[in-house]
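Read off the chains here:
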Amino acid sequence: GRVVYSALKSDTAVNIDVATHNYYTSIFVAEKQGGAWANETELPSPPNDPKTHVGNAVFSADENTIVFTKCDQTPLKVMQCKLYKSVKEGNDWSNAEELKALNKEEFSTTQPAWGKDKDGNSILYFASNRGKGGDFDLYYAKLNSDGTFETPQRLGNEINTAGDDLTPYYNAKTNTLYFSSTGHPGMGGLDVFKAVGTPGNFGEVRNLGIPTNSGADDLYYALDEKANKGFMVSNREGTTSQRGATCCDDIW
């Protein structure tokens, strides 16, 4: 009955070259009440940070740990992201701790998602552009019992492509990895795909087709615990921006 998401809350277009107010993304939580979403709450700082972009948040099963990204913009307005975590301490969250075992300097590491390997161990999927071509690929790292991570491994070429492969989400009920890609055959922009299995043992990659996908960008696909409804992000026609029919990303 709750959704965790990140957003840049602004009623006007933001010119980051001259902006004097907070134009950074933050993590929010909202809950379903009847047929509407209510009690929209911005998480405190930490884990949010008023001086940088914060997002891509995923909670542990007991909701006492949150893994998320902090992203800085280079002078060329390119995002460089790293993974962090915070731990619940009473009603507060601990200061953000960089997950150095997963990050790589000069590259982006982003979009974490929990999953399981073939032995049932917890793993963390994420996207990074640390490969040779500079495009984003999907990686994973096993979570150790002491809370540390093993060395990240790149998913195989049955999943990763010569294009961008992004926004992983793993549904443990159906053992299905969902992700978005520009490299697999699609309908235009980023499309959502799925593959059943675990790292090293994924089956055929399938395009989710219409109406999930469109000619615009479709990404951040995620389902609820029952795997019968969920959310995604798209800039397809019908978004709320006044800047153009396919300007900006909304949650659908």
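In what follows, the accompanying structure is described. All of these numbers come straight from a predicted model, not from anything done at the bench.

### Regarding the state of the cysteines
Simply put, the disulfide is a covalent bond whose two ends are the sulfur atoms of two cysteines. Within the structure shown, the criterion is met by one disulfide. There is a disulfide in this structure between Cys71 and Cys81, and the S-S distance comes to 2.1 Å. Where Cys71 bonds to Cys81 through sulfur, the torsion about that S-S bond is close to 110°, and the disulfide is right-handed. Of this pair, Cys71 sits in strand S5 (residues 65–73) while Cys81 is found in strand S6 (residues 79–89), placing the two residues ten residues apart along the sequence.

### Topic: the sheet that holds strand S9 (residues 109–116)
A sheet is described by the order of its strands in space; here four strands give the open sequence S9-S10-S11-S12, paired in antiparallel fashion. Taken across any chain shown, the strands that pair with only one partner, and hence form the sheet edges, are S9 and strand S12 (153–154). As judged from the six bridges shared by strand S10 (residues 122–128) and strand S11 (residues 137–142), these two strands associate in the antiparallel manner. Residue pairing in the sheet places Ser128 in a bridge with Asp137 of S11.

### Examining the pairing of strand S15 (residues 191–198)
The side chains of a regular strand alternate, first on one face of the sheet and then on the other. Within S15, six of the eight residues are buried, leaving the element largely enclosed by the surrounding structure. Examined bridge by bridge, strand S14 (residues 176–181) and S15 share six bridges and lie antiparallel to one another. Along S15, the bridge assignment pairs Phe179 with Phe193. Relative to strand S17 (residues 206–207), S15 runs antiparallel, the two sharing two bridges. In the strand pairing of S17, Phe193 is matched with Asn207.

Cut-offs applied
- Residues numbered from 1 in each chain as written.
- Predicted model: local features only at pLDDT ≥ 70, side-chain atom pairs only at ≥ 80, totals over all residues.
- Heavy atoms only, no water.
- Disulfide = S-S within 2.5 Å.
- Helix = DSSP H or I, 4+ residues; strand = E, 2+ residues; numbered from the N terminus.
- Pairing = 2+ DSSP bridges.
- Buried < 20%, exposed > 50% of the residue type's maximum accessible area, 1.4 Å probe, protein only.

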